[in-house]
Amino acid sequence: MHINGFTTNEPYEQSKFVPPCHHILVSRIPEGRSARKQPRLVFLIFICIPVSPGNSRMIILTGRNFALWIDQVVPRWIYHIGQNLIICSDMYLLHIEEKKLMETGFSNWLKVCFVPTKSDAKVVAFRKWLKKYSGGQVDWGNGLLPPTPPREQLMDRYWSHVVNCSSCNGAYKGLNALKVALQVFSVAAVAMVAAAKQGKISVAARNTLAVAAVLWFVASKWLSYFYLQMLPLSCL
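Conventions and cut-offs
- Residues numbered from 1 in each chain as written.
- Predicted model: local features only at pLDDT ≥ 70, side-chain atom pairs only at ≥ 80, totals over all residues.
- Heavy atoms only, no water.
- Salt bridge = Lys/Arg side-chain N within 4 Å of Asp/Glu carboxyl O.
- Helix = DSSP H or I, 4+ residues; strand = E, 2+ residues; numbered from the N terminus.
- Buried < 20%, exposed > 50% of the residue type's maximum accessible area, 1.4 Å probe, protein only.
- Expected span 1.5 Å × (residues − 1).
- Contact = heavy atoms within 4.5 Å.
- Pairing = 2+ DSSP bridges.
- Axes fitted to C-alpha atoms, helices over the stretch in contact; angles between N-to-C directions.
- Phe/Tyr/Trp six-rings, centres within 6.5 Å; stacked < 30°, edge-to-face > 60°.
- Core = buried A, V, L, I, M, F, W, Y, C linked by side-chain atoms within 4.5 Å.
- Patch = residues over 30% accessible without salt bridge, like charges linked within 9 Å, V, L, I, M, F, W, Y side chains within 5 Å.
- Areas by Shrake-Rupley, 256 points an atom, 1.4 Å probe, with all protein chains shown as cover.

Student: Outline the pattern of salt bridges, listing residues and values.
Tutor: For the coordinates displayed, the defined rule picks out two salt bridges. For Lys122, the salt bridge identified is with Glu13, shortest N-O distance 2.6 Å. Of the two residues, Lys122 sits in helix α3 (residues 121-134) while Glu13 sits in strand β2 (residues 13-18), which places them 109 residues apart along the sequence. Taking the relative accessible area as the measure of exposure, Glu13 reaches 23% and is therefore partly exposed. Among the salt bridges present, the one from Arg64 reaches Asp71, with a minimum N-O distance of 3.2 Å. Under the relative-accessibility criterion, Arg64 is labelled partly exposed at 23%. Asp71 gets classed as partly exposed once you look at its relative accessible area, which sits at 39%.

Student: Lay out α3 in plain terms, naming residues and giving numbers.
Tutor: Under the 1.5 Å per step criterion, the end-to-end length of α3 is 19 Å for 14 residues, consistent within 8% with the ideal 20 Å. Of all the residues in α3, the buried ones are Lys122, Ala125, Arg127, Trp129 and Leu130. Contacts made by the buried residues of α3 are with β1 (6-10), β2, β3 (22-28) and α2 (76-104). Phi turns positive, to about 70°, at Gly135, one or two residues after α3.

Student: Lay out helix α5 (residues 166-195) with the relevant residues and their values.
Tutor: For an α-helix, the turn length of 3.6 residues means that residues three or four places apart are oriented alike. Taking 1.5 Å per residue, 30 residues should reach 44 Å; α5 reaches 43 Å between its end C-alpha atoms and fits that length. Where α5 is concerned, the buried positions are Ser167, Cys168, Asn169, Ala171, Tyr172, Leu175, Lys179, Leu182, Ser186, Ala189 and Val193.

Student: Let's hear about unusual backbone geometry: which residues, and what values?
Tutor: Excluding glycine, residues mostly have negative phi values, and the peptide bonds linking residues are mostly trans. That bond from Pro19 to Pro20 is cis: its omega, 5°, falls within 30 degrees of zero. Take Pro20: it is sitting in the loop between β2 and β3. Residue Ala67 is not a glycine yet carries a positive backbone phi of 50°. Secondary-structure assignment places Ala67 in the loop between β5 (55-64) and α1 (70-73).

Student: Outline the sheet that holds β1, supporting the account with residue identities and numerical values.
Tutor: Ordered by their spatial adjacency, five strands build an open sheet running β1-β2-β3-β4-β5, and the pairing between neighbours is antiparallel. Edge positions in the sheet fall to β1 and β5, since each has one partner strand and no second. On average, adjacent strands in this sheet sit at an angle of 10° to one another, irrespective of strand direction. Where β2 and β3 come together, six bridges link them in antiparallel fashion. Across the sheet, the residue bridging to Lys16 is Ile24, located in β3. Sheet strands touched by α3: β1, β2 and β3. Its angle to β1, the strand with the most contacts, is close to 165°.

Student: Before we move on, could you go through the packing of aromatic side chains and cite the residues and values that matter?
Tutor: This model, assessed by the stated rule, comprises seven aromatic pairs. Their ring planes at 55° and their centres at 5.2 Å tell us that Tyr158 and Tyr172 sit as a pair that is tilted. Of this pair, Tyr158 sits in the loop between α4 (151-154) and α5 while Tyr172 is found in helix α5, placing the two residues 14 residues apart along the sequence. Residue classification places Tyr172 among the buried positions, given a relative accessible area of 15%.

Student: So what about the nonpolar core? Which residues, and what values?
Tutor: Counting residues in hydrophobic clusters, the biggest one holds twelve residues: Trp77, Ile81, Tyr158, Val162, Cys165, Cys168, Ala171, Tyr172, Leu175, Leu182, Leu223 and Phe226. Secondary structure elements with two or more residues in this core: α2, α5 and α6 (203-228). In terms of residue count, α5 provides more of this core than any other element does, five residues in total. Membership of the second largest hydrophobic core comes to five residues, among which are Phe6, Phe17, Trp129 and Leu130.

Student: Give me the lowdown on a nonpolar patch on the surface, citing residues and values where you can.
Tutor: Judged by side-chain polarity, Ile49, Val51, Ile59 and Leu61 come together as a nonpolar surface patch covering roughly 300 Å² of accessible area. Secondary-structure elements contributing two or more residues to the nonpolar patch are β4 (41-52) and β5. On the secondary structure map, Leu61 appears in strand β5. The class of Leu61 is partly exposed, set by a relative accessible area of 42%.

Student: I'd love a proper account of the environment of Leu41, names of residues and values included.
Tutor: Relative to the helices and strands, Leu41 is located in strand β4. Between the alpha carbons of Leu41 and Gly174 there is a distance of 34 Å; along the sequence they are 133 residues apart. Each residue touching Leu41, except ones within four places of it in the same chain, is listed here: Val26, Ser27, Arg28, Gly63, Arg64, Asn65 and Phe66.

Following this line, the structure appears as structure tokens:
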């Protein structure tokens, strides 16, 4: 460990912290007994930029040297939904942790953080580096943490990400339009079955419309899952 950061090495993973805010992770996927000329690697780069007391901007870059065709098939917004779910699951915990660290004092962080596992080693190393070279915290001057915002604002992903991401924003609008269209088709099919006089439409056609109505409705509900992941919490 030195002023230019630190590195960690594990059997299938290497990581490097590059001050002030870069964390680079390279993971090697075990091959078992297969003999490959080139190991399968997954790359992750986390850039966490302090913006103001209690607020940071996170930029995540990912890559791999295998199965590159997947990126041509799976749209970016699918990945972003998964990443945002992980971030949101930690958001409130990190907010409370920062409050407790401020109350206890950053030099006493071990009193409020329980880090017993091997996977916590990088957290401990970062805290040691921060204490040695930055006094244990980001120097905001006299900056104090803002009051805890409403849940909708703290857990927001729409205004903090979706409106600024071309892939997610396009998917948000497209999924909403498709969801509405499927619901309209479903209602129209039911109405056609109900309005058709007996004998004016065959039993096969009637059954086909009924099945189509159900499938369109189910499909609209399935799309709603992805659509709701992008909505502001205040709309849920």
